[in-house]
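What follows is each chain in one-letter form.
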Amino acid sequence: MNQEEIRKAFNKKMFITVEKVLPIMDGGYLLILLYFSENIWHTGILTLSITAFNFLWGKFYDSNEVRHELIRASFNVPMFIPLYYYSGPAAPVWFFGLTTVIHSSLSIGNKRLQLFLNILYPCTIAFAGYLAGVEMSVLIPVIFILFILALLFIALQGLLLNQNQEIIEQQVKLEIKNKEVVHEMKKSDNLLLNILPKETAEELKEFGSANPKSYEMVSVLFTDFKGFTIISEKLTPKALVQELNYCFNAFDDIVAKYNLEKIKTIGDAYMCAGGIPIPNTTNAIDTINAAIEMQQFMHKWQQDKRSKGEFVWELRIGIHTGEIVSGVVGKTKFTYDIWGDTVNLAARMESSCEAGKINISEATYQLVKDSFKCTYRGKLKVKNKGEVSMYFVEKGER
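Every value quoted in this text rests on a predicted model; they were computed, and no experiment measured them.

K.L.:
Outline the overall build of the chain, supporting the account with residue identities and numerical values.
P.N.:
Regarding its fold elements, the chain presents 12 helices and 8 strands. Per-residue burial for the chain yields a buried fraction of 43% across its 398 residues. Sequence-distant contacts, at least 24 apart, represent 69% of the contacts inside the chain between residues at least 6 apart.

K.L.:
Tell me about unusual backbone geometry, and please be specific about residues and values.
P.N.:
Omega for the peptide link from Ile276 to Pro277 comes to -5°, which places this bond in the cis form. Position of Pro277 among the secondary structure elements: in the loop between β3 (269-274) and α10 (283-307). A positive phi angle, near 60°, is found at Asn259, a position not held by glycine. Mapped onto the fold, Asn259 is located in the loop between α9 (237-257) and β2 (261-266). For Asn259, a relative accessible area of 56% translates into the label exposed.

K.L.:
Would you mind going over the pattern of salt bridges in detail, with residue names and values included?
P.N.:
Opposite charge on two side chains makes pairing possible when the charged atoms of those side chains draw close. Applying the stated criterion across every chain yields a total of 9 salt bridges. Across the pair Lys264 and Asp337 runs a salt bridge, and its minimum N-O distance is 2.9 Å. With Lys264 in strand β2 and Asp337 in strand β5 (residues 335-339), this pair connects stretches of sequence that are 73 residues apart. Lys264 gets classed as partly exposed once you look at its relative accessible area, which sits at 25%. Owing to a relative accessible area of 10%, Asp337 belongs among the buried residues under this scheme.

K.L.:
Give a description of the packing of aromatic side chains that names residues and reports values.
P.N.:
Aromatic rings in a pair are described by how distant their centres are and how their planes are angled relative to each other. Under the criterion given, the structure shown has 13 aromatic pairs. An angle of 50° between the planes, with centres 5.0 Å apart, marks the rings of Tyr376 and Tyr391 as tilted. Taken together, the residues Tyr376 in strand β7 (residues 372-382) and Tyr391 in strand β8 (residues 386-397) connect sequence positions 15 residues apart. Judged by relative accessible area, which is 46%, Tyr376 ranks as partly exposed. The exposure class of Tyr391 is buried, given its relative accessible area of 8%. For Lys357, the ring lying beneath its charged end belongs to Phe392, and the centroid distance is 5.4 Å.

The rules behind each value
- Residues numbered from 1 in each chain as written.
- Predicted model: local features only at pLDDT ≥ 70, side-chain atom pairs only at ≥ 80, totals over all residues.
- Heavy atoms only, no water.
- Helix = DSSP H or I, 4+ residues; strand = E, 2+ residues; numbered from the N terminus.
- Buried < 20%, exposed > 50% of the residue type's maximum accessible area, 1.4 Å probe, protein only.
- Contact = heavy atoms within 4.5 Å.
- Salt bridge = Lys/Arg side-chain N within 4 Å of Asp/Glu carboxyl O.
- Phe/Tyr/Trp six-rings, centres within 6.5 Å; stacked < 30°, edge-to-face > 60°.
- Lys NZ or Arg CZ within 6 Å of the ring centre and 35° of its normal.

Keep in mind these values describe shape, not function.
As C-alpha coordinates, this is what we get:
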(Lines give C-alpha, C1' and ligand atoms only; values in the text may rest on other atoms or scores of the structure.)
Protein backbone atom coordinates (compact mmCIF):
# COMPACT_ATOMS: atom_id res chain seq x y z
CA MET A 1 0.00 0.00 0.00
CA ASN A 2 1.70 3.24 -1.14
CA GLN A 3 1.79 6.60 0.65
CA GLU A 4 -1.00 8.10 -1.45
CA GLU A 5 -3.38 5.21 -0.74
CA ILE A 6 -2.63 5.47 2.99
CA ARG A 7 -3.27 9.23 2.88
CA LYS A 8 -6.60 8.71 1.12
CA ALA A 9 -7.68 6.08 3.65
CA PHE A 10 -6.65 8.36 6.52
CA ASN A 11 -8.35 11.43 5.03
CA LYS A 12 -11.53 9.47 4.43
CA LYS A 13 -11.56 8.37 8.07
CA MET A 14 -10.89 11.94 9.28
CA PHE A 15 -13.49 13.40 6.92
CA ILE A 16 -16.20 11.20 8.47
CA THR A 17 -15.11 12.36 11.95
CA VAL A 18 -14.99 16.05 10.94
CA GLU A 19 -18.38 15.89 9.22
CA LYS A 20 -19.89 14.63 12.48
CA VAL A 21 -18.19 17.29 14.63
CA LEU A 22 -18.64 20.42 12.45
CA PRO A 23 -22.45 20.71 12.79
CA ILE A 24 -22.04 20.67 16.59
CA MET A 25 -19.35 23.36 16.38
CA ASP A 26 -21.48 25.49 14.07
CA GLY A 27 -24.38 25.23 16.50
CA GLY A 28 -22.14 26.41 19.33
CA TYR A 29 -20.87 29.33 17.24
CA LEU A 30 -24.43 30.34 16.45
CA LEU A 31 -25.25 30.57 20.18
CA ILE A 32 -22.10 32.60 20.84
CA LEU A 33 -22.87 35.01 18.00
CA LEU A 34 -26.44 35.46 19.14
CA TYR A 35 -25.19 36.21 22.66
CA PHE A 36 -22.91 39.01 21.44
CA SER A 37 -25.18 40.13 18.62
CA GLU A 38 -26.66 43.61 18.39
CA ASN A 39 -29.38 42.29 16.07
CA ILE A 40 -30.38 38.73 16.92
CA TRP A 41 -32.71 38.11 13.99
CA HIS A 42 -30.35 39.30 11.27
CA THR A 43 -27.38 37.51 12.86
CA GLY A 44 -29.35 34.29 13.27
CA ILE A 45 -30.62 34.30 9.69
CA LEU A 46 -27.16 35.07 8.24
CA THR A 47 -25.42 32.44 10.38
CA LEU A 48 -27.93 29.75 9.45
CA SER A 49 -27.66 30.74 5.79
CA ILE A 50 -23.86 30.45 5.83
CA THR A 51 -24.00 27.10 7.65
CA ALA A 52 -26.68 25.69 5.33
CA PHE A 53 -24.87 26.90 2.23
CA ASN A 54 -21.58 25.29 3.23
CA PHE A 55 -23.32 22.07 4.32
CA LEU A 56 -25.20 21.69 1.03
CA TRP A 57 -22.16 22.67 -1.02
CA GLY A 58 -20.12 19.94 0.67
CA LYS A 59 -22.85 17.40 -0.09
CA PHE A 60 -23.03 18.09 -3.82
CA TYR A 61 -19.47 19.10 -4.70
CA ASP A 62 -16.06 17.54 -4.17
CA SER A 63 -14.14 19.49 -1.53
CA ASN A 64 -10.86 18.38 -3.14
CA GLU A 65 -11.58 20.41 -6.27
CA VAL A 66 -9.83 23.81 -6.17
CA ARG A 67 -12.41 25.53 -8.37
CA HIS A 68 -15.25 24.33 -6.16
CA GLU A 69 -13.58 25.79 -3.06
CA LEU A 70 -12.90 29.07 -4.84
CA ILE A 71 -16.57 29.36 -5.74
CA ARG A 72 -17.51 28.51 -2.16
CA ALA A 73 -15.16 31.27 -0.89
CA SER A 74 -16.57 33.84 -3.36
CA PHE A 75 -20.06 33.19 -1.93
CA ASN A 76 -18.94 33.16 1.71
CA VAL A 77 -17.06 36.48 1.74
CA PRO A 78 -20.08 38.69 0.86
CA MET A 79 -22.09 36.94 3.59
CA PHE A 80 -19.44 37.60 6.26
CA ILE A 81 -19.60 41.39 5.74
CA PRO A 82 -23.25 41.79 6.89
CA LEU A 83 -22.62 39.18 9.58
CA TYR A 84 -19.91 41.39 11.07
CA TYR A 85 -22.13 44.42 10.66
CA TYR A 86 -25.19 42.97 12.43
CA SER A 87 -23.39 40.92 15.07
CA GLY A 88 -21.24 43.79 16.22
CA PRO A 89 -17.46 44.22 16.42
CA ALA A 90 -17.28 42.33 19.70
CA ALA A 91 -18.82 39.13 18.30
CA PRO A 92 -16.22 36.39 17.57
CA VAL A 93 -17.13 35.96 13.90
CA TRP A 94 -13.65 34.54 13.32
CA PHE A 95 -14.89 31.27 14.83
CA PHE A 96 -16.17 30.53 11.35
CA GLY A 97 -12.63 30.88 10.12
CA LEU A 98 -11.56 28.34 12.72
CA THR A 99 -14.24 25.93 11.46
CA THR A 100 -12.90 26.28 7.92
CA VAL A 101 -9.31 25.77 9.06
CA ILE A 102 -10.27 22.54 10.85
CA HIS A 103 -12.29 21.33 7.87
CA SER A 104 -9.61 22.03 5.26
CA SER A 105 -6.80 20.67 7.42
CA LEU A 106 -8.39 17.35 8.31
CA SER A 107 -10.86 16.49 5.56
CA ILE A 108 -9.27 17.74 2.33
CA GLY A 109 -6.69 15.39 0.88
CA ASN A 110 -4.95 17.90 -1.40
CA LYS A 111 -2.14 19.48 0.67
CA ARG A 112 -1.76 22.49 -1.60
CA LEU A 113 -5.48 23.13 -1.41
CA GLN A 114 -5.28 22.81 2.39
CA LEU A 115 -2.60 25.46 2.64
CA PHE A 116 -4.36 27.72 0.15
CA LEU A 117 -7.65 27.60 2.06
CA ASN A 118 -5.97 28.03 5.42
CA ILE A 119 -4.56 31.31 4.13
CA LEU A 120 -7.59 32.34 2.04
CA TYR A 121 -10.35 32.04 4.61
CA PRO A 122 -8.71 33.95 7.47
CA CYS A 123 -7.83 36.70 4.99
CA THR A 124 -11.33 36.85 3.56
CA ILE A 125 -12.91 36.88 7.02
CA ALA A 126 -10.53 39.64 8.13
CA PHE A 127 -11.23 41.57 4.93
CA ALA A 128 -14.96 41.22 5.54
CA GLY A 129 -14.41 42.54 9.07
CA TYR A 130 -12.43 45.47 7.71
CA LEU A 131 -15.24 46.33 5.29
CA ALA A 132 -17.70 46.05 8.17
CA GLY A 133 -15.71 48.57 10.18
CA VAL A 134 -13.92 46.32 12.64
CA GLU A 135 -10.69 47.87 13.91
CA MET A 136 -7.38 46.48 12.70
CA SER A 137 -6.21 46.10 16.29
CA VAL A 138 -8.88 43.39 16.59
CA LEU A 139 -8.45 41.80 13.15
CA ILE A 140 -4.65 41.39 13.17
CA PRO A 141 -4.58 39.15 16.30
CA VAL A 142 -7.47 37.18 14.84
CA ILE A 143 -5.59 36.57 11.58
CA PHE A 144 -2.46 35.63 13.50
CA ILE A 145 -4.34 33.17 15.69
CA LEU A 146 -6.01 31.55 12.66
CA PHE A 147 -2.67 31.15 10.87
CA ILE A 148 -1.12 29.55 13.96
CA LEU A 149 -4.10 27.21 14.26
CA ALA A 150 -3.84 26.33 10.57
CA LEU A 151 -0.19 25.37 10.94
CA LEU A 152 -0.97 23.38 14.09
CA PHE A 153 -3.76 21.43 12.40
CA ILE A 154 -1.60 20.66 9.36
CA ALA A 155 1.17 19.47 11.69
CA LEU A 156 -1.39 17.47 13.64
CA GLN A 157 -2.58 15.76 10.49
CA GLY A 158 0.99 14.87 9.55
CA LEU A 159 1.64 13.50 13.02
CA LEU A 160 -1.56 11.45 13.05
CA LEU A 161 -0.86 10.22 9.54
CA ASN A 162 2.60 8.97 10.50
CA GLN A 163 1.27 7.33 13.65
CA ASN A 164 -1.57 5.66 11.80
CA GLN A 165 0.37 4.65 8.70
CA GLU A 166 1.62 1.38 10.19
CA ILE A 167 -1.81 0.61 11.68
CA ILE A 168 -3.57 1.27 8.37
CA GLU A 169 -1.04 -0.86 6.49
CA GLN A 170 -1.54 -3.69 8.99
CA GLN A 171 -5.31 -3.38 8.66
CA VAL A 172 -5.09 -3.50 4.86
CA LYS A 173 -2.75 -6.51 4.98
CA LEU A 174 -5.07 -8.20 7.48
CA GLU A 175 -8.09 -7.60 5.23
CA ILE A 176 -6.21 -9.04 2.26
CA LYS A 177 -5.12 -12.01 4.36
CA ASN A 178 -8.68 -12.55 5.59
CA LYS A 179 -9.96 -12.55 2.01
CA GLU A 180 -7.29 -15.08 1.07
CA VAL A 181 -8.23 -17.26 4.06
CA VAL A 182 -11.93 -17.11 3.14
CA HIS A 183 -11.08 -17.98 -0.47
CA GLU A 184 -8.93 -20.93 0.62
CA MET A 185 -11.64 -22.10 3.03
CA LYS A 186 -14.16 -22.10 0.20
CA LYS A 187 -11.77 -24.11 -1.94
CA SER A 188 -11.23 -26.57 0.93
CA ASP A 189 -14.98 -26.84 1.54
CA ASN A 190 -15.64 -27.50 -2.15
CA LEU A 191 -12.90 -30.14 -2.18
CA LEU A 192 -14.35 -31.74 0.94
CA LEU A 193 -17.83 -31.80 -0.65
CA ASN A 194 -16.34 -33.62 -3.63
CA ILE A 195 -15.28 -36.38 -1.24
CA LEU A 196 -18.05 -36.44 1.36
CA PRO A 197 -21.78 -35.72 1.48
CA LYS A 198 -22.58 -32.21 2.70
CA GLU A 199 -24.06 -33.35 6.02
CA THR A 200 -21.10 -35.63 6.76
CA ALA A 201 -18.62 -32.90 5.78
CA GLU A 202 -20.29 -30.42 8.16
CA GLU A 203 -20.21 -32.96 10.99
CA LEU A 204 -16.54 -33.69 10.32
CA LYS A 205 -15.65 -29.97 10.31
CA GLU A 206 -17.55 -29.28 13.53
CA PHE A 207 -16.63 -32.31 15.61
CA GLY A 208 -13.50 -33.67 13.91
CA SER A 209 -15.19 -37.01 13.25
CA ALA A 210 -18.39 -38.42 11.76
CA ASN A 211 -20.44 -41.05 13.51
CA PRO A 212 -21.57 -44.12 11.53
CA LYS A 213 -25.24 -44.05 10.56
CA SER A 214 -27.68 -46.88 9.91
CA TYR A 215 -30.34 -46.73 7.19
CA GLU A 216 -33.26 -49.11 6.81
CA MET A 217 -34.06 -48.41 3.17
CA VAL A 218 -31.30 -47.56 0.69
CA SER A 219 -31.09 -48.45 -2.99
CA VAL A 220 -27.54 -49.31 -4.05
CA LEU A 221 -26.57 -49.15 -7.73
CA PHE A 222 -23.51 -50.73 -9.33
CA THR A 223 -22.37 -50.35 -12.95
CA ASP A 224 -19.62 -52.08 -14.83
CA PHE A 225 -18.53 -52.41 -18.47
CA LYS A 226 -18.70 -55.66 -20.39
CA GLY A 227 -15.29 -56.82 -21.60
CA PHE A 228 -13.38 -53.98 -19.96
CA THR A 229 -10.13 -55.97 -20.03
CA ILE A 230 -10.39 -56.33 -23.81
CA ILE A 231 -11.25 -52.62 -24.17
CA SER A 232 -8.26 -51.57 -22.07
CA GLU A 233 -5.95 -53.61 -24.29
CA LYS A 234 -7.19 -51.81 -27.42
CA LEU A 235 -6.68 -48.26 -26.02
CA THR A 236 -3.69 -46.31 -24.80
CA PRO A 237 -3.70 -45.53 -21.05
CA LYS A 238 -4.46 -41.86 -21.78
CA ALA A 239 -7.33 -42.68 -24.13
CA LEU A 240 -8.72 -45.23 -21.64
CA VAL A 241 -8.81 -42.68 -18.83
CA GLN A 242 -10.37 -40.08 -21.13
CA GLU A 243 -13.15 -42.48 -22.13
CA LEU A 244 -13.85 -43.48 -18.51
CA ASN A 245 -13.83 -39.84 -17.43
CA TYR A 246 -16.28 -38.88 -20.17
CA CYS A 247 -18.66 -41.63 -19.13
CA PHE A 248 -18.38 -41.14 -15.37
CA ASN A 249 -18.83 -37.36 -15.70
CA ALA A 250 -22.16 -38.05 -17.38
CA PHE A 251 -23.06 -40.49 -14.60
CA ASP A 252 -22.19 -37.81 -11.99
CA ASP A 253 -24.67 -35.42 -13.60
CA ILE A 254 -27.38 -38.08 -13.69
CA VAL A 255 -26.78 -39.06 -10.07
CA ALA A 256 -27.05 -35.43 -8.97
CA LYS A 257 -30.23 -34.98 -11.02
CA TYR A 258 -32.02 -37.80 -9.16
CA ASN A 259 -30.70 -36.84 -5.71
CA LEU A 260 -28.48 -39.90 -5.35
CA GLU A 261 -25.13 -39.99 -3.56
CA LYS A 262 -22.05 -41.05 -5.48
CA ILE A 263 -20.00 -43.41 -3.33
CA LYS A 264 -16.94 -44.24 -5.41
CA THR A 265 -15.48 -45.65 -8.61
CA ILE A 266 -13.39 -48.81 -8.58
CA GLY A 267 -11.60 -49.34 -11.87
CA ASP A 268 -14.43 -49.46 -14.43
CA ALA A 269 -17.15 -49.87 -11.76
CA TYR A 270 -19.33 -46.98 -10.62
CA MET A 271 -21.20 -47.11 -7.29
CA CYS A 272 -23.94 -44.81 -6.00
CA ALA A 273 -26.92 -45.02 -3.66
CA GLY A 274 -30.31 -43.41 -3.09
CA GLY A 275 -31.75 -42.57 0.31
CA ILE A 276 -28.51 -41.33 1.91
CA PRO A 277 -27.34 -39.26 3.65
CA ILE A 278 -30.93 -37.94 4.00
CA PRO A 279 -33.41 -40.83 4.11
CA ASN A 280 -36.41 -40.87 1.78
CA THR A 281 -39.05 -43.31 0.57
CA THR A 282 -38.60 -42.68 -3.16
CA ASN A 283 -35.00 -43.83 -3.47
CA ALA A 284 -35.83 -47.10 -5.29
CA ILE A 285 -37.75 -45.22 -8.03
CA ASP A 286 -35.11 -42.47 -8.15
CA THR A 287 -32.32 -45.01 -8.54
CA ILE A 288 -34.06 -46.86 -11.37
CA ASN A 289 -34.78 -43.58 -13.17
CA ALA A 290 -31.09 -42.78 -12.91
CA ALA A 291 -30.19 -46.26 -14.22
CA ILE A 292 -32.52 -45.84 -17.21
CA GLU A 293 -30.94 -42.49 -18.06
CA MET A 294 -27.46 -44.02 -17.76
CA GLN A 295 -28.38 -46.69 -20.29
CA GLN A 296 -29.90 -44.04 -22.57
CA PHE A 297 -26.65 -42.11 -22.42
CA MET A 298 -24.71 -45.27 -23.24
CA HIS A 299 -26.99 -46.02 -26.20
CA LYS A 300 -26.36 -42.58 -27.73
CA TRP A 301 -22.64 -42.88 -27.07
CA GLN A 302 -22.59 -46.30 -28.74
CA GLN A 303 -24.32 -44.93 -31.84
CA ASP A 304 -21.77 -42.15 -32.06
CA LYS A 305 -18.83 -44.52 -31.69
CA ARG A 306 -20.25 -46.98 -34.22
CA SER A 307 -20.63 -44.17 -36.76
CA LYS A 308 -16.91 -43.48 -36.32
CA GLY A 309 -15.97 -47.14 -36.51
CA GLU A 310 -14.75 -47.19 -32.91
CA PHE A 311 -15.05 -49.93 -30.31
CA VAL A 312 -18.26 -49.54 -28.26
CA TRP A 313 -18.69 -49.81 -24.50
CA GLU A 314 -21.59 -51.83 -23.10
CA LEU A 315 -22.91 -51.25 -19.59
CA ARG A 316 -24.41 -53.56 -16.96
CA ILE A 317 -26.38 -52.15 -14.03
CA GLY A 318 -27.48 -53.91 -10.85
CA ILE A 319 -29.71 -52.51 -8.06
CA HIS A 320 -30.77 -53.84 -4.67
CA THR A 321 -32.65 -52.12 -1.84
CA GLY A 322 -32.16 -52.81 1.85
CA GLU A 323 -30.35 -51.83 5.05
CA ILE A 324 -26.85 -50.35 5.07
CA VAL A 325 -24.41 -48.60 7.40
CA SER A 326 -22.55 -45.50 6.23
CA GLY A 327 -19.50 -43.77 7.65
CA VAL A 328 -16.13 -42.15 7.08
CA VAL A 329 -13.00 -44.27 7.21
CA GLY A 330 -9.35 -43.39 6.97
CA LYS A 331 -6.99 -41.11 8.84
CA THR A 332 -5.04 -39.24 6.19
CA LYS A 333 -7.44 -39.61 3.25
CA PHE A 334 -11.09 -39.54 4.20
CA THR A 335 -13.37 -41.96 2.40
CA TYR A 336 -17.15 -42.04 2.67
CA ASP A 337 -18.41 -45.58 2.21
CA ILE A 338 -21.36 -47.88 2.85
CA TRP A 339 -21.40 -51.45 4.13
CA GLY A 340 -23.84 -54.30 4.58
CA ASP A 341 -25.38 -57.27 2.85
CA THR A 342 -27.35 -54.86 0.66
CA VAL A 343 -24.11 -53.65 -0.92
CA ASN A 344 -22.95 -57.22 -1.61
CA LEU A 345 -26.27 -58.22 -3.17
CA ALA A 346 -26.35 -55.07 -5.36
CA ALA A 347 -22.91 -56.05 -6.67
CA ARG A 348 -24.27 -59.57 -7.42
CA MET A 349 -27.20 -58.00 -9.30
CA GLU A 350 -24.72 -56.18 -11.50
CA SER A 351 -22.48 -59.21 -12.15
CA SER A 352 -25.59 -61.29 -13.02
CA CYS A 353 -26.88 -58.65 -15.45
CA GLU A 354 -26.69 -58.68 -19.23
CA ALA A 355 -25.04 -55.87 -21.21
CA GLY A 356 -27.39 -52.96 -21.89
CA LYS A 357 -29.83 -54.09 -19.15
CA ILE A 358 -30.87 -53.06 -15.62
CA ASN A 359 -31.08 -55.98 -13.20
CA ILE A 360 -32.95 -55.54 -9.89
CA SER A 361 -33.63 -57.75 -6.87
CA GLU A 362 -36.95 -58.96 -5.50
CA ALA A 363 -36.79 -56.34 -2.72
CA THR A 364 -36.39 -53.51 -5.19
CA TYR A 365 -39.03 -54.94 -7.51
CA GLN A 366 -41.65 -54.93 -4.75
CA LEU A 367 -41.03 -51.18 -4.27
CA VAL A 368 -41.20 -50.20 -7.95
CA LYS A 369 -43.52 -52.76 -9.60
CA ASP A 370 -46.35 -50.20 -9.85
CA SER A 371 -44.07 -47.63 -11.46
CA PHE A 372 -42.02 -49.62 -13.98
CA LYS A 373 -42.61 -52.51 -16.33
CA CYS A 374 -40.32 -55.35 -15.27
CA THR A 375 -39.58 -58.81 -16.69
CA TYR A 376 -39.10 -61.67 -14.27
CA ARG A 377 -35.93 -63.60 -14.99
CA GLY A 378 -36.54 -66.37 -12.48
CA LYS A 379 -34.22 -67.44 -9.71
CA LEU A 380 -30.55 -67.29 -10.59
CA LYS A 381 -27.72 -68.75 -8.59
CA VAL A 382 -25.64 -66.15 -6.78
CA LYS A 383 -22.30 -66.74 -5.08
CA ASN A 384 -22.74 -67.19 -1.32
CA LYS A 385 -26.49 -66.45 -1.67
CA GLY A 386 -27.96 -69.45 -3.36
CA GLU A 387 -30.81 -68.79 -5.78
CA VAL A 388 -32.09 -65.22 -5.91
CA SER A 389 -35.08 -63.81 -7.83
CA MET A 390 -34.14 -61.16 -10.39
CA TYR A 391 -35.97 -58.78 -12.76
CA PHE A 392 -35.02 -56.77 -15.81
CA VAL A 393 -36.36 -53.20 -15.84
CA GLU A 394 -37.76 -52.16 -19.20
CA LYS A 395 -36.74 -48.72 -20.46
CA GLY A 396 -39.85 -46.77 -19.55
CA GLU A 397 -42.43 -46.27 -16.84
CA ARG A 398 -45.86 -47.88 -16.72
